[in-house]
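Survey of secondary and tertiary structure
One-letter residues, chain by chain:
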Amino acid sequence: MGVFSIKRVLNDVVRSLEGQVSTSLDNSSVSTARRVREFVPGDININSLVLNARDKYENLLPYVTSIDIFESIFSPVIFAEITLSDSVDLLNTFPIVPGTREAPHTITLSFKTPGESQSPTVYTWMVKSVKNVVTLENNSTKTYTIEVISVEALATSVAVSQTYNDNITTIVTDLLTSHITTNKPYYIDDTVGIETAQVAQWSPFKAIDFFKHRALSSVYTSHSFTFFENKDGFYFTTIEGLMDVGRRQHQQNQTDKQFFFDTSRNENINDVHFRN
């Protein structure tokens, strides 16, 4: 009787294990699909990181130890810091310097998020400076950080002198395309009214900052305009508009962003009517 009981228990265990294996196999495709969709924020696959100086090209991937990219809705351009461990003295032999307005030295980064089928994200920056240079004890390796910035930042040296009498949407479009001269996509919200103003020896970024504080939105009553760049291009839009887009995406499960209005009172963002 005891032997029979042991066999029955063992048979039950075998059947249970077989059922779990079968269930695991049946769910394998689902688990794989879930792993494709789920990823740890910050995980990326870097395709290339190339330095271009006077039509000389150098692959920086073997030397890179970190890349930090800074985007903000309050910054008109993108900044980044690239830290290298350089054992071939690129700093002096290439060399890594800013270059000139006519021929800036640039770094192009291409990467994708694991599991995404979209085209790679590509940034092209110009070299701004090199900092934190440290020669290691072996005297054959240097570590340093390259500060880079959007190529459009060169337009800070452009002086705009012009009298405008037009819709601010049109004015900002002119400043972006004729004076900043970007080839990137841009998205400019509709504004109402005609603005008359004289710009005298201002950079195009200073001029856009001036007009964003005078722009009147055709949709949002607080008129809180901001001008910024992200990986998709340049935006001249309102903070409320950004929140509305994010809210709709969240409702449609198209984003993991969370939007809230932080205040000492329990207010609805739609009831806020102050300018930036």
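Conventions used here
Residues numbered from 1 in each chain as written. Predicted model: local features only at pLDDT ≥ 70, side-chain atom pairs only at ≥ 80, totals over all residues. Heavy atoms only, no water. Pairing = 2+ DSSP bridges. Helix = DSSP H or I, 4+ residues; strand = E, 2+ residues; numbered from the N terminus. Axes fitted to C-alpha atoms, helices over the stretch in contact; angles between N-to-C directions. Phe/Tyr/Trp six-rings, centres within 6.5 Å; stacked < 30°, edge-to-face > 60°. Buried < 20%, exposed > 50% of the residue type's maximum accessible area, 1.4 Å probe, protein only. Arc of directions from axis to C-beta. Contact = heavy atoms within 4.5 Å. Core = buried A, V, L, I, M, F, W, Y, C linked by side-chain atoms within 4.5 Å. Polar contact = N/O pair within 3.5 Å; in protein donor to acceptor, adjacent residues only side chain to side chain.

This paragraph deals with the sheet that holds strand S11 (residues 225–230). Here we have three strands laid out as an open sheet, ordered S9-S12-S11, and mixed in their pairing. Strands with a single pairing partner mark the edges of an open sheet, and in this sheet they are strand S9 (186–188) and S11. Here the strands of the sheet are splayed against their neighbours by 15° on average, with no regard to which way each runs. Inspection of the sheet shows S11 paired to strand S12 (residues 233–238) by six bridges, in the antiparallel sense. From the neighbouring strand, Phe227 faces S12, where its bridge partner is Phe236.

Counted by the stated rule, this structure contains nine aromatic pairs. With 5.3 Å between their ring centres and 65° between their planes, Trp202 and Phe210 make a pair best called edge-to-face. According to the relative accessible area criterion, Trp202 is partly exposed, its value standing at 21%. Judged by its relative accessible area of 27%, Phe210 falls in the partly exposed class. The interplanar angle of 75° and the centroid separation of 5.1 Å between the aromatic rings of Phe210 and Phe211 together place this pair among those described as edge-to-face.

Let us now look at the sheet that holds strand S1 (residues 45–53). With respect to topology, seven strands assemble into an open sheet ordered S2-S1-S5-S6-S7-S4-S3, the strand pairing being antiparallel. Of all strands in the sheet, those with a lone pairing partner are strand S2 (56–59) and strand S3 (64–70), marking the two edges. Across this sheet, the average inter-strand angle for adjacent strands is 30°, counted without regard to direction. Judged from the seven bridges that link them, S1 and strand S5 (residues 106–112) form a sheet pairing that is antiparallel. In the sheet register, Val50 faces S5, and the bridge partner there is Thr108.

Here we come to unusual backbone geometry. At Asn132, a residue that is not glycine, the phi angle is positive and equals roughly 55°. With respect to the element layout, Asn132 can be found in strand S6 (residues 121–135). With relative accessibility at 55%, the residue Asn132 sits in the exposed group. Despite not being glycine, Gln201 has its phi angle at roughly 60°, a positive value. Its relative accessible area of 59% is what places Gln201 among the exposed residues.

Within helix H5 (residues 204–212), burial applies to Pro204, Phe205, Ala207, Ile208, Phe211 and Lys212. Looking down the long axis of H5, one finds its buried residues gathered within 160° of arc, a one-sided arrangement. Structurally, H5 contributes buried residues whose contacts are with strand S8 (160–166), helix H4 (168–179), strand S10 (195–202), S11 and S12.

Ranked by internal contacts, the top residues of the largest apolar core, which has 27 residues, are Tyr164, Ile168, Leu175, Ile208, Phe211, Phe227 and Phe236. Where this core is concerned, the elements lending two or more residues are S8, H4, S10, H5, S11 and S12. In terms of residue count, the dominant contributor to this core is H4 (five residues). The contacts of Phe211, once residues within four sequence positions are left out, are Tyr164, Ile168, Ile171, Leu175, Glu195, Ala197 and Val199. Counting 22 residues, the second largest nonpolar core, distinct from the first, contains Leu90, Phe111, Tyr144 and Val148.

For Tyr235, the location among the structural elements is in strand S12. Along the primary structure Tyr235 and Phe225 are separated by 10 residues, whereas in three dimensions their C-alpha atoms are 9.8 Å apart. Apart from the residues within four sequence positions on either side, Tyr235 is in contact with Tyr187, Thr226, Phe227, Phe228 and Asn230.

What follows deals with the side chain of Ser75. Checked against the element boundaries, Ser75 lands in the loop between S3 and strand S4 (79–86). A distance of 2.7 Å separates a polar atom in the side chain of Ser75 from the backbone oxygen of Val77.

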